[in-house]
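# Architecture and fold: a report
What follows is each chain in one-letter form.
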Amino acid sequence: QVQVVESGGGLVQAGGSLRLSCAASGRTFVGYFLGWFRRAPGQEREFVAAITWSGGSTYYSNSVKGRFTISRDNAKNTVYLQMNSLKPEDTAVYYCAAPGPGKTRVTDPHEYEHWGQGTQVTVSS
């Protein structure tokens, strides 16, 4: 059974930084990717970033490009999301997710089958 568990959320002032972690377990992730999504109150779930497990290719939404960095530690089966220059509009619950077999569209939440419980990120102005 695939499991992904997020950690690292919290409260930070605008302009500050946070690092989220996603520990994945349950299968080999070689050939797959892991993604981060977020949902703000009253809004749809939004793609944030994704990374391929093998080659380390990265993908970002336009709203976070240049401020957030996704990375992975293959030995620890862990993906990180370093968030810098945080803005109040980054406030949301952040979710880590792993795709189902054969999925390829990294920005599409429907490609993902395994979701973490989410971690709250609050950015005060």
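Preceding this section is the structure that the text describes.
So, here's what we can say about the structure. (Residues numbered from 1 in each chain as written. Predicted model: local features only at pLDDT ≥ 70, side-chain atom pairs only at ≥ 80, totals over all residues. Heavy atoms only, no water.)

One pass over the full model with this rule turns up 1 disulfide. Here Cys22 pairs with Cys96 through a disulfide, and the sulfurs are 1.9 Å apart. Every disulfide takes its handedness from the sign of the S-S torsion; for Cys22 and Cys96 that torsion is -70 degrees, giving left-handed. Here Cys96 lies in strand β9 (residues 92-99) and Cys22 lies in strand β3 (residues 18-25), a separation of 74 residues in the sequence. The class of Cys22 is buried, set by a relative accessible area of 0%. (Disulfide = S-S within 2.5 Å. Helix = DSSP H or I, 4+ residues; strand = E, 2+ residues; numbered from the N terminus. Buried < 20%, exposed > 50% of the residue type's maximum accessible area, 1.4 Å probe, protein only.)

Summarising the element assignment, Thr78 is placed in strand β8 (residues 78-83). Overall, the relative accessible area of 9% leaves Thr78 in the buried class. In this structure the side chain of Thr78 is engaged in a polar contact, spanning 2.9 Å, whose partner is the backbone oxygen of Lys76. Beyond its immediate sequence surroundings of up to four residues, Thr78 is in contact with Ser21, Cys22, Ala23, Trp53, Ser71, Arg72 and Asp73. (Polar contact = N/O pair within 3.5 Å; in protein donor to acceptor, adjacent residues only side chain to side chain. Contact = heavy atoms within 4.5 Å.)

Turning our attention to the environment of Ala98. Note on placement: Ala98 falls in strand β9. In this structure Ala98 comes out as buried when scored by relative accessible area, which is 0%.

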